[in-house]
Structure formats: C-alpha cells, structure tokens
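Structure assessment
Here is what each chain is made of, one letter per residue.
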Amino acid sequence: MKEKLFWNREVETRAVEEQQALDTKALKQQLGYVYQHASLYRNLFNKAGVTPEHFTCLGDLKQFPFTTKEDLRKTQAEEGGLGGHQCAPMENIIRIQGTSGTTGRPLFIGLTRNDVHLWNELFTRHAWTGGLRPDDIIVNPANFTLFVGGLSECSGAESMGMTVIPAPFVSTGTEKFMDIVGNFKPTVLFSTPSATVFLEDAIRKFLKVEPNQLGFKKGFLAGEALSDEERERIEKTWGIVARNFYGLADVAADIAAECGHSEGLHFCGQDALVPELIDPETLDVIPMETGAEGEIVFTTIRREATPVFRYRVRDMVRVYTDPCPCGRTSFRFHIIGRSDDMIKVKGVNVFPSAVKGVVQSFVPETTGEFRIVLPHKGPTFGENLTIKVELREGLVSEECERLKEKMIREIREKLVFTPRIEWIPAESLERSQYKVVYFERTYQE
C-alpha cells in the first residue's frame with residue numbers, strides 16, 4: 001500500500017494565491033467578529049483609527065495595531081477571567097488552558113468545541129508532516145495543569161489515532177516513568193531538546209541500558225529550536241530520526257514541523273492563521289521570500305474563544321519559500337532566536353539559543369546546562385561575557401582545560417564572539433520544566 005504523503009492534501013498542497021484569497025475572506029469575517037465581541041481589539045482599533053471596513057486585502061493588515069502578551073496579560077489582570085479579548089460566551093467555552101507563566105503572570109487561553117477541533121486538526125497536520133503516524137505510541141511527560149503541551153497534545157495525538165500514555169513527569173516520578181517506558185516501548189520520544197539530556201541519564205540509572213536500546217524511532221522535539229549539533233547528538237544517542245516541531249499556547253498549540261526534505265519547519269497553520277514577517281525595531285512588514293529574516297507575527301482567523309490579532313510572539317526566523325520536494329506549498333522557517341532574548345556583545349548580535357546548540361554539542365563531557373552571566377542591564381555589552389557551564393565529574397584538569405579552549409574556539413568560529421568559560425559542578429543550575437533559562441543576572445533589576 002502506497003504511503004499517504006499528506007494528512008490533508010487539499011490544504012497542504014494548495015496554491016499560494018488561492019490560500020491568500022481564502023485568508024482574505026476569513027480575515028474579513030474575523031475582523032468583524034473581534035470588533036463586535038472583544039473590547040480590547042475594539043479599543044485598539046479605534047485608537048489606531050481603523051475599523052474592519054478598512055480591510056480589503058492582506059496588504060491592508062499593516063494598518064492595524066499589533067498586540068503582545070503584555071497586552072493580553074494586562075486585560076486579564078484588569079477585567080479578570082479571560083479578559084477583554086474573550087469573544088465567545090463562557091457557556092460555549094469547554095476548556096481553559098494557559099501559558100507556563102515562567103516569564104510572568106500566566107496567560108489564560110479559552111477554547112470552544114470548534115477551537116479544540118481546529119487544534120486537533122493542526123496537531124495531526126503538523127505531526128504527519130514530521131513523520132508521526134497513527135500506529136505510533138507516545139508517552140507524554142508534560143505537566144497536565146494549564147500547560148498545552150499536556151492535555152492539548154494528548155487530545156491531538158488521540159484524534160490522530162496514536163496510542164497516548166499521559167505520564168506527567170512531575171507527578172509520575174522518575175522511577176515509575178522509566179517503568180512505563182520499559183514496559184510499553186513507545187516509538188515517539190516527546191521532549192524538549194534540552195530535556196533529552198536528563199532523560200538519557202535517568203534511563204541509564206533506572207533501566208541500566210542505553211537510550212538507543214529502548215526502541216524509540218522518532219523524535220517529537222518541541223518547545224525549543226533544535227540546533228544541528230543537538231540533532232546529531234540526539235539521533236546518535238537515541239537511534240531516532242529527530243524532528244523539530246513548533247507551537248505556541250497563545251496562538252495554536254501546533255503550527256509547524258520539519259518534513260526532512262528541506263531546511264526549516266513547514267508552516268502547517270493554513271485556514272487557521274495568517275503569518276507576517278516584520279522588522280522588530282521599525283515594525284515594518286518584510287516580504288516573505290527565501291532568505292528574509294525578521295520577527296514572525298500571527299493572526300488567528302477562525303478562533304472563537306480568545307483570538308489573537310497581529311500577535312508578536314518574539315520569535316526571530318529565517319524564511320524559505322522555494323519549492324520543497326515533499327510537495328507542500330507552505331513557506332518554511334528556521335528559528336534564529338527570540339527578539340527579546342538577543343544581546344549584543346562588542347557589536348555582535350548573540351542569540352542564546354545558538355549558544356545552547358554549541359554547549360550541548362559537548363555532551364557528555366558537560367551536562368548541556370549553562371547560564372550566560374549578565375553583569376549589568378543589556379542588551380548591549382562592551383565586554384566579553386562569562387558563560388557558566390556544568391561539567392561532568394571525572395575529568396582531570398588537563399582535559400578540562402582542553403575542553404574549555406575547544407568550546408571557546410567553537411563559539412568564536414560559529415557565533416563570532418569570544419566568551420569566558422567557567423566550569424561549575426553538574427546539577428548546580430536549576431532546571432525548568434517549560435522553558436530554557438539562559439541568563440544569570442548579577443545586577444539589581
């Protein structure tokens with residue numbers, strides 16, 4: 001039987017011009033919907049001097065104001081509940097989830113039944129793009145509180161037909177989680193790229209085997225950009241095909257995935273999201289064409305409960321629009337870093353996610369955990385910065401020195417700045433379940 005190449009061939013191979021026409025029509029309807037039902041957007045539009053009638057084509061989108069996570073947090077703090085961007089009545093909302101809150105007050109997200117169905121469709125579309133199939137088995141270690149990586153991803157995987165084992169690491173515990181892995185032999189490794197290092201240690205400790213002996217076949221790696229160095233290490237250690245997946249709690253849990261045929265993640269949010277590329281400083285729109293770099297912005301066009309409009313997610317990307325051998329017609333993008341994480345060291349733009357890629361290429365000599373020490377408020381630094389890196393036990397001083405010189409050289413050659421490396425003992429740095437912590441600030445905020 002011939003392999004099914006697409007989950008939704010009609011949508012995934014649709015001509016770009018046809019998709020834009022459909023987006024224009026849907027966006028006109030969504031604009032009227034949010035203007036009528038959401039006080040936040042009505043006030044923002046009125047302040048900017050625009051109404052839904054000003055929108056006639058996608059090029060008109062640039063007339064409308066951006067929104068940010070801070071805007072949504074503020075309206076939820078002031079109005080309570082889901083805030084001033086709630087459009088559907090509460091009796092139609094069947095689920096409330098939220099962001100992790102690691103960088104501030106959690107942002108609550110409402111979903112109607114139609115919203116959940118749409119998210120399930122997007123999960124399956126991006127999972128199929130990334131090589132997952134209904135006969136796969138996935139164990140989900142994410143926290144099942146507000147976090148969309150828990151309940152929403154399980155809901156999407158179930159709708160696809162996958163066997164799902166919900167086993168939140170925080171409540172299941174390491175030993176029981178490892179017993180589940182050994183017992184049911186999941187085929188899909190579901191993790192953030194950085195958390196795989198912790199899982200590798202746990203497998204060796206509790207199961208007394210190497211990760212590549214457990215039968216995992218595919219890597220569903222999300223929550224962080226996957227660097228080439230991390231991919232190489234993870235594939236070798238686990239014996240899997242590692243793919244990067246992308247989603248955002250406040251926009252859609254599942255938005256993009258790597259197909260394995262071309263560089264970048266395929267945008268899989270057709271009929272749900274309208275993406276834009278902007279300059280994060282001037283806020284001007286940048287044409288979507290191969291090689292273009294900027295901050296990606298999303299507008300939901302079928303969201304009923306809590307739509308977002310020209311929403312700045314702060315992810316900096318490089319775009320690819322050339323044809324892909326897989327046959328999908330959507331653009332692809334590679335995540336460079338975050339516009340709000342970027343620092344400038346002696347005139348060089350430095351993204352911490354790129355530093356992470358280099359540091360994690362030195363596992364197992366290091367744990368892969370690190371912190372960039374900021375001696376004063378940035379984002380501009382005129383001095384070389386120190387990077388604290390956790391070092392494994394057992395290395396003699398000569399090996400440590402050679403390793404330090406090699407790491408400095410790799411960072412200088414790949415990222416064009418020269419750090420100071422400070423070794424610290426393994427397990428010195430606090431782990432985050434949701435997002436990587438990149439900085440240690442030694443100054444008073």
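Placed above this text is the structure.
Okay, so let's go over this structure. (Residues numbered from 1 in each chain as written. Predicted model: local features only at pLDDT ≥ 70, side-chain atom pairs only at ≥ 80, totals over all residues. Heavy atoms only, no water.)

Packing of helix α2 (residues 16-37) against helix α3 (residues 39-48) leaves a shortest axis separation of 6 Å and a crossing angle of 105°. In this view, α2 runs roughly perpendicular relative to α3, as classed from their interaxial angle. The residues of α3 that touch α2, namely those facing Leu-31, Val-34, Tyr-35, Gln-36 and His-37, are Ser-39, Tyr-41, Arg-42, Phe-45 and Asn-46. For the contact of α2 with α3, a count of residues per class yields 5 nonpolar, 4 polar and 1 charged. (Axes fitted to C-alpha atoms, helices over the stretch in contact; angles between N-to-C directions. Helix = DSSP H or I, 4+ residues; strand = E, 2+ residues; numbered from the N terminus. Parallel < 35°, antiparallel > 145°, perpendicular 65-115°, else oblique. Contact = heavy atoms within 4.5 Å. Nonpolar A, V, L, I, M, F, W, Y, C, P; charged D, E, K, R; others polar.)

So, on to helix α9 (residues 195-206). Helix length check: α9 (12 residues) gives 17 Å between terminal C-alpha atoms against 16 Å at 1.5 Å per residue, within 8%. Among all positions of α9, only Thr-196, Val-197, Leu-199, Glu-200, Ala-202 and Ile-203 are buried. Of the residues trailing α9, Lys-208 is marked for its positive phi of about 60°. (Expected span 1.5 Å × (residues − 1). Buried < 20%, exposed > 50% of the residue type's maximum accessible area, 1.4 Å probe, protein only.)

What follows is about the packing of aromatic side chains. Applying the stated criterion to the full structure yields 19 aromatic pairs. Measuring from centroid to centroid gives 5.9 Å for Trp-7 and Trp-128, while their planes differ by 45°, and the two rings are tilted. Here Trp-128 lies in helix α5 (residues 113-129) and Trp-7 lies in the segment before α1 (9-12), a separation of 121 residues in the sequence. Residue classification places Trp-7 among the partly exposed positions, given a relative accessible area of 28%. Across from the ring centre of Trp-128, 5.1 Å away, lies the NZ or CZ of Lys-4, which sits over that ring. Sitting above the plane of the Trp-128 ring, Arg-133 keeps its charged end 4.1 Å from the centroid. (Phe/Tyr/Trp six-rings, centres within 6.5 Å; stacked < 30°, edge-to-face > 60°. Lys NZ or Arg CZ within 6 Å of the ring centre and 35° of its normal.)

Taken in spatial order, the 4 strands of this open sheet run β19-β18-β16-β20, and their pairing is mixed. The open sheet has two edge strands with one neighbour each: β19 (420-425) and β20 (439-441). Across the sheet, the mean angle separating the axes of adjacent strands is 30° when strand polarity is ignored. (Pairing = 2+ DSSP bridges.)

So, about the pairing of strand β16 (residues 366-374). Summarising burial for β16: 9 of the 9 residues are buried, a large majority. Direction of pairing for β16 relative to β20: parallel, over a ladder of 3 bridges. When the sheet's bridge partners are listed, Val-373 is paired in β20 with Glu-440.

Attention now goes to empty space enclosed by the protein. One pass over the structure, following the stated rule, counts 4 cavities of 30 Å³ or more. Its volume calculated, the largest cavity comes out at about 80 Å³. Put simply, the parts of the chain that give the lining of the largest cavity at least two residues each are α8 (174-184), β5 (188-191) and α9. A per-class count over the lining of the largest cavity returns 12 nonpolar, no polar and no charged. (1 Å grid on protein atoms, 1.4 Å probe; cavity = no way out; pocket = protein on both sides within 12 Å on 5 of 7 lines; lining within 4 Å. Points joined across faces, edges and corners; volume = space filled by probe spheres on them.)

Below, the discussion takes up the pairing of strand β18 (residues 386-391). Most of β18 is tucked away: 6 of the 6 residues are buried. Neither face of β18 is open: one carries Thr-386, Lys-388 and Glu-390, the other Ile-387, Val-389 and Leu-391, and all of them are buried. In this sheet, β18 lies alongside β16 in antiparallel orientation, the contact comprising 4 bridges. Paired with Thr-366 across the two strands is Leu-391, which belongs to β18.

The final tally for this structure, using the stated rule, is 23 salt bridges. For Arg-338, the salt bridge goes to Asp-340, with nearest N and O atoms at 3.0 Å. Classification of Arg-338 as partly exposed rests on a relative accessible area of 29%. According to the relative accessible area criterion, Asp-340 is partly exposed, its value standing at 46%. Close ionic contact of Lys-414 with Glu-410 constitutes a salt bridge, the shortest N to O distance being 3.2 Å. Pair noted here: Lys-414 and Glu-410 are both in helix α12 (residues 397-415), with a separation of 4 residues, about one helical turn. Ionic contacts of the salt-bridge type, sharing partners, join the residues Asp-201, Arg-204, Glu-210 and Arg-392 into one network. (Salt bridge = Lys/Arg side-chain N within 4 Å of Asp/Glu carboxyl O.)

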